[in-house]
Amino acid sequence: ASLQSPLREEYAKCVWGVTGLETPQAVPQEKRRGERRQKMSAGGLSGPALDELKAGAKSPANAPTQVDKELRSVREIGGEAFSAVAHDLVEFLCKGTLAPERLARFCADAGVLSDEKALQAFADVIWSHGALANADASANASAKANAATDPKRSGGEARSMPFKRLAAFARQLVDAEKGNALPRKVLMTTLSLDLLEESRMIADEKAMFNRLRRMNTAIVYRQHRYNLMHEETEGYAKVLTLLNELNVENLRTTMSSLHSLLGFFDLDPNHVLNLILDAFELDLSNSAFLELLSNFRERNLPHILGFKFTQYRNEALIKRKMRPVASGGSGAAAAYDDDDEEGACEDDEVKALPTPETLYRLTAVLLCLRHVAFYDLLPYLDPGLEDLKAEQDAFDKDLDAEVKKFGRRSLNDKSGDDAESSSTTEDDASGVPLLGSLSATMSATKLGRDGDSQIMGVLVALLKLRCWHEARPLLRMLAYHGIEAARYPAVAGALCSFLEYVIGDRVQGKDGGLGLSPAAPAPSPDDGLTSIQRARARARLSVGGNKEDISLAADYAEPVLAQAVRRETLADEDAFGLCLQICEWLGVYLARDPKLLFTLTRFLAPFVESDASAQKAKLVMKMSMLPGLSMQATPNPALAYSVFNLLSKLPYSQRYELYDSLHGGATEKDGLKGHVKHPLQCLAEMKAGRYTRYFLKRLSAENAKLVGRQLALVAHSCPHILFRIILQQIETYGNFIQPVVDALKSMTPYALDVLSYSIIVALGSNSSSAASTDGLGFSAWIQSLAHFVGVAYSKYPAMELRGVMRFMATKLREMDGAHIVVLKELLHRMGGSTPPEGLDADQTEGRCGGSALRRETVSYGIKSRFNKKAAATLKSVVLENAQFLELCGLICKLRNRVIYLPDSTNEFGEEKDLPLKVLGSTADSCQSALVLLLDFLEDNCDTEELLRHLPSPVELIAKYEIELPVAFQLARPLFRAAIVSRLDAEAKDEAMEVEAPETGLEKWYPFQEDFGSMLKPLHADSEIWGSVPAKVYTLFWILGPQDVYTPVEKYEKEIERLQGDLAHLKSGSQGSGGSSDKSDTSKLEKESRKALEELEAEYAAHVEKVQSIRSLLKDNLPSWFEASDADNDNAIGGTVTALLQACVHARAPFMPEDAFYCSKFFFMLHELGVEHFSTLEYVERVSELTVSMLYAVTQMEASNVSFFLRDYLGKLVLWKTDAKAFEDAAALPGLKRNGEALTQAAFGTVVDGVHDKIMEVVTNCLDSDAYIYVRAAVVVMNQLMGLFPFNTSGIEKLMERLKRFATDERQDVKTMSNRLRADLQKQLKLTKDMERKGRNRAGGQGRRRPASEMSAARSSGGGESSTQKKGSEPAEKKLRRDDRASADASTEEDLKRQAAVRALVRKKGSGAAGAAKAPSVTPMNASAPYAPPRGPLPAHHAHSMANARPMSFAAQPLQPQNRGPARSYTPTGYRRERDDRGRRQPRR
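Position numbers for residues start from 1 in each chain and track the written sequence from start to end. Selection of residues for local features in this predicted model requires a pLDDT of at least 70, selection of side-chain atom pairs for listing and counting requires 80 or more, and totals for whole chains, interfaces and linings are taken over all residues. The basis for the side-chain values is all heavy atoms of the structure; hydrogens and waters are excluded.

**Remarks on the overall build of the protein**
Secondary structure elements are taken from DSSP: a helix is a run of H or I of four residues or more, a strand is a run of E of two residues or more, and numbering for both begins at the N terminus. Tallying secondary structure elements over the protein gives 68 helices and 4 strands in all. The burial tally for the protein puts 51% of its 1484 residues in the buried class. Contacts spanning at least 24 positions in sequence make up 78% of the contacts within the protein whose residues lie at least 6 apart. If you sum the accessible surface of the protein, you get close to 68,900 Å²; carbon and sulfur atoms cover 50% of it. Categorising residues by exposure relies on relative accessible area from a 1.4 Å probe, with only protein chains included: less than 20% of the type maximum marks a residue as buried, more than 50% marks it as exposed, and the intermediate range marks it as partly exposed. Any pair of residues with heavy atoms lying within 4.5 Å of one another is described as a contacting pair. Using a 1.4 Å probe, the Shrake-Rupley method yields the accessible areas, and only the shown protein chains count as cover for residues.

As structure tokens, this is what we get:
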């Protein structure tokens, strides 16, 4: 009835659609009638009745008896039959066939007007036909014209004739019976307003519609009982007075009084509930309100609370919209203009009132007690979720823009002065950027209206209440909508407070008095509540069945809950799970509370050590702890120490995983790409990077300590940023290494641990460009980085080394040899091993002695500054899980792969070999690393450690795939220890007749019955095993140069030098005046005496050991060569050839001392007089076979082979030129041919043939254009200088070959050839002078012996052991009586001694006076000519001199006498270092 006219047509469509019929516009009338009859049930007027109606259409006065009869009968039946008859009659009415008056009379006569159901059916039919009539009239133009002339139709609405007939019929029904009100009632409630207006039952359709709307509003929205704005306040005043006196004791009385007030004053229950909430809000300590609220409907609480929040949210909106509407009508007391808001309250500064904290706390209590559901309260809170998300997105965009433009200055920026002034506020007076500026950034994370965000306020109140089971769903809801709640400082602070509450009590007594808040006492059991109330509250707040739903009462936050609930004690596992959940939501914002971060490290310590919870503890460190530490605004070294104490409980691999997550693959600005890191974390890293770069620009050797302290400020929080920048600088600038290493002294263990991770990242980031393009080594960046790694680890051995060693093993397993230089630097710097590159003959011979002689010769008498802790750390790492065996095997595999396998493939998949120069350099690096590793193990590992970790040589070769020379070099210390142990045991058995205890070395004793078959499994299918004597072959690999040879000349020379130093120190101490000078001199004298005693003791022990082993070999060696081999020369020659191929060719290229040993071993066989070994065959076969190795050797292998050839040629030249030496050698069976002794002249012919064959190989190499041939020839000739060639023709031939390399494009070949040519020129001049003076090289008295003879004489030291036997015995007895109580010299004492020596040198003045006081000592090789130095020392020797104590005073004349190349002395013999300008360098 209330439908407006524009909706009538649509409403009619809906009505017809419900009845299943089509709309009238689409279906003709006849068709509609037929379909209606089919749809409806059987019924309606009969045929005769219809005929009567048609016939009586023109005579309405006639009463058709048939219609009246059927209508009456159908009314009595009712239902659908009556509806069908009513439809027929109304249809005839609409057509005009039946007059309205006649139809009304029919209805009255049939009793329809007194029957409510029948009348309602007729009313429905009238309504439906009226709707159809209106629909038909809308398309009728004539009807519209009639409507236009009707003054009542102001809207131009059409009224059709059927519609008017229906209206007339309705009016007739009302007027048919004046006393019957039923028709009017039924028609007024059924018909539409327009039909009622047409039938004149109502005056105006529009007025009726407005009246109905007012009535509906009054029924639905108007409160009929009272008006809240004008009611009496006495009842509410009494309620407030009653609530003010409420407590637990009078709770029941108050509830009864409240019910009485509600009924007496007829108060609104919702308003009373609002007053209760206001009172409870102001007195949360009163637990009686909880019971009082239970008497009201809980479903009303969210709406009342929501309106409380709304009045603070919409205060500005209310003031803006409450403006009077300009209206002339009266009675509009509170009219509002909803449409025109623009310009309202333009001059008024309207601000929304802040939501009080007490309202948040009240809401949290009701949420926690589950009186209110948050989703019911959410629509009333402002801002909404969509507004929060938009606000946070805008903030993220601004923050990203701020981070991206950090450190960027625009020249076109007009606000440059302001920017400059703002930047200076972040810097101190010196312009140094401060890390403290990060605190401003942390506080600037205030998103929009942080204090007015009502959702966040409720969340904060829940967290302060410790109601986690309600706070966590709210956090999840915010995260689902993309809102990070912890970005709001209030939320982050509440989360931190909650976390401290959970874990604070569990670290009490562990923090060492850090002032952590103590646990609050439990509430008193007498809290005034009934047992039912306490049970209800405890059930709602205590720990439930789910351990994750934990809610604890905050004793300081909500006293009502503290009284209602006894505090539950959480188990450690539950607290740890809750801690994990809080940290997950807190994230990087844990940085806000450094004290809490420290507490968290203590709390997680026991869980990290547990296997069950270690993974979750790492998750906490990954999510919150490490990012929070990196965002610390103030440097906090104590926090860094505490974090590392926790991290140190994890293996290094797991720590590196955490560091990798902190690094994130991108740092500083790059972290914003792809949202790898939080923008605030990126901003903190950028501030740390700027701070680091600022101070690195000012770092130098002079201020390394001061700048190191400033850099440590960054390392306390962001070490990964600091070391990434430092390592990038080191890769570019190699001279930056030492200042950086000195600056690391102030770093915390956490920073140094991150440095070890950063080194691995730096090494792995540029591995593809590690190899040098010229093939001469490695790229500059990896060499600088490797040098830094070696120096840093040697100075700070506490750094994690296992990660770097595991990285090296991984790279070697991948057959990547570019990083082998890092392993070499570690072994050299940490282990103190000397690289084998660049050793001369004197140094190589010195390596054949003990450690003391090696220090005096290889290191030029300088004691290196050696960190014993670093060596111990390196030893523990390489021995852990026998990692040294893995390294040896991988290096051997890599070396073989470089030599025998293709290095890579091209784009077509074809094998592509690298140049031989590159392959040779890589192979030499692998070999050098092996030598360093083996030297380190031999020098630092004792016998027990090797016995625990080292398997047999056969197992090393078969299982670990270690090469034969490497395997025996590893096992040789055990073989040597077994021999010495057996000799000592035999000596004790003879003296004391007591059986020696077992030491585990018995199986390593070589001279056993079956030791010859030790290596047989390795050569089961080889032809060599049948040609080589098994025991000789095994013995060759077991023994070393220290077992068969004593460098007598080197020992005696160094002993005499040290004795001269002591004599000079004694004479200098007597003439010194100051007490400090005497003290320094006494220290130097003590050091020199100690070095002398060590050298003498080692010399005596070495001589004794070699003599014992030689005597043992003399008894066994002759029987190891089979007698049948002596029947013909071919068999002997085959044996010698097999020995050379299986022994010399495999061992000589490996190490310098091994090459020296190969020559000494075979000459030892001659000296021992082995019957079935031909030395003459050996001499000839070496020139034929071994020299040819130069065609296929690397540079290092060529250098090692040259040591073998030097000793070999020195012995031959000695026998050729010295008649006495040849006579002694010819008396032995090795120099016999066909049973007859060889003459010296015949032997000279053999030596000349050897010379010619070597010359042929060398000239062939120099004639070739192949780089590897030329390099091998030049390297060998440099070592053989002064010994080969023998004559001027050979020298001139070589010089002629070298001329063509003077213009070679290969710079390295050009440099090496020019240097060799200059040396040959000097040698040629010396040889020509000797020939011109007629000096015969075969002998003569009073002559000056050439260098070749002196070298040959020095190389014959092995044969002199028998001559030294008599003189060595008293020296041995004297050494055993020496005092062993002198203390070891430390590095600091060395530095002090160095300073004292320099002071003495400055005080004593010129060198002439000092030299005059020194005793005159003639060196042993005074007759040898002085060979000028051939260039500077190798790099590792120069470094060892620069970082070591000076050599002791030597009693030498001003000119150095054959002390080796590149050695400078002061007039007193003290070696001094000078810079490029000749100034002495300061002490470091």
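**Quick notes on the nonpolar core**
In plain words, nonpolar cores are sets of buried Ala, Val, Leu, Ile, Met, Phe, Trp, Tyr and Cys residues tied together by side-chain atoms within 4.5 Å. Among the nonpolar cores identified, the biggest contains 337 residues, and Phe788 and Tyr1178 are the most heavily contacted of them. Ignoring anything within four residues of it in the chain, the contact list for Tyr1178 reads Val1136, Leu1140, Cys1158, Ser1159, Phe1162, Phe1163, Phe1173, Phe1204 and Tyr1208. With 42 residues, the next largest nonpolar core counts Leu93, Cys94, Leu119 and Val186 among its residues.

**Section: the packing of helix H51 (residues 1030-1038) against helix H56 (residues 1152-1167)**
Orientation is described by lines fitted to C-alpha atoms, with helices fitted over the stretch in contact, and by angles between N-to-C directions that extend from 0 to 180 degrees. Between H51 and H56, whose axes approach to 11 Å, the crossing angle comes to 140°. On the basis of their axis angle, the class for H51 and H56 is oblique. Two packed elements cross with a definite hand, and for H51 against H56 that hand is right-handed. On the side of H51, the interface is formed by Val1032, Leu1035 and Phe1036, while H56 contributes Tyr1157, Cys1158, Phe1161 and Phe1162. Looking at side-chain class alone, the contact of H51 with H56 contains 7 nonpolar, no polar and no charged residues. Should an angle lie under 35 degrees it is considered roughly parallel, over 145 roughly antiparallel, and from 65 to 115 roughly perpendicular; all remaining angles are considered oblique. Here is the rule for handedness: rotate from the far helix to the near one, and if that takes an anticlockwise turn smaller than a right angle the crossing is left-handed, while a clockwise turn gives right-handed. Only Asp, Glu, Lys and Arg are considered charged, only Ala, Val, Leu, Ile, Met, Phe, Trp, Tyr, Cys and Pro nonpolar, and every remaining residue, Gly among them, polar.

**So, H51**
The buried fraction of H51 is high, at 7 of 9 residues. Those residues of H51 lying buried are Val1032, Tyr1033, Thr1034, Leu1035, Phe1036, Trp1037 and Ile1038.

**Some points on a nonpolar patch on the surface**
The residues that make up patches have over 30% relative accessible area and no salt bridge, and they are joined within 9 Å when like-charged or within 5 Å when they are Val, Leu, Ile, Met, Phe, Trp or Tyr. By convention in these notes, a salt bridge is any Lys or Arg side-chain nitrogen within 4 Å of a carboxyl oxygen on Asp or Glu. On the surface, a nonpolar cluster with roughly 490 Å² of combined accessible area is contributed by Met215, Ile219, Val220 and Tyr221. Along the chain, Tyr221 falls in the loop between helix H12 (205-220) and helix H13 (234-244).

**Observations regarding the packing of aromatic side chains**
Here the aromatic set is Phe, Tyr and Trp, taking the six-membered ring for Trp, and pairing holds for ring centres within 6.5 Å; pairs whose planes are under 30 degrees apart are stacked, those over 60 apart are edge-to-face, and all others are tilted. Within the structure shown, the criterion is met by 38 aromatic pairs. Plain terms: the ring middles of Phe307 and Tyr380 are 5.8 Å apart, the flat faces sit at 55° to each other, and that makes the pair tilted. With Phe307 in helix H17 (residues 301-313) and Tyr380 in the loop between helix H20 (374-377) and helix H21 (385-404), this pair connects stretches of sequence that are 73 residues apart. In this structure Tyr380 comes out as buried when scored by relative accessible area, which is 18%. The ring of Tyr501 carries the charged tip of Arg466 above its face, separated from the ring centre by 4.7 Å. Should the NZ of a Lys or the CZ of an Arg lie within 6 Å of a ring centre and within 35 degrees of the ring normal, that charge is described as sitting over the ring.

**Quick look at the confidence of the model for the protein**
The predicted coordinates should not be examined in detail at positions where pLDDT is low. On average, residues of the protein carry a pLDDT of 74, and 67% of them reach 70 or more. Known as pLDDT, the predictor's confidence for each residue is given on a scale from 0 to 100. The low-confidence segment residues 57-63, where pLDDT is below 50, has 7 contacts with residues more than four positions distant or belonging to other chains.

**What about the packing of helix H60 (residues 1240-1263) against helix H61 (residues 1267-1279)?**
Relative orientation of the contacting elements H60 and H61 amounts to 135°, with a least axis distance of 7 Å. In terms of axis orientation, H60 runs oblique to H61. Where H60 crosses over H61, the handedness of that crossing is left-handed. Residues Val1258, Cys1261 and Leu1262 of H60 form the contact with H61, whose participating residues are Tyr1269, Val1270, Ala1273, Val1274 and Met1277. The class makeup of the residues in the contact of H60 with H61 is 8 nonpolar, no polar and no charged.

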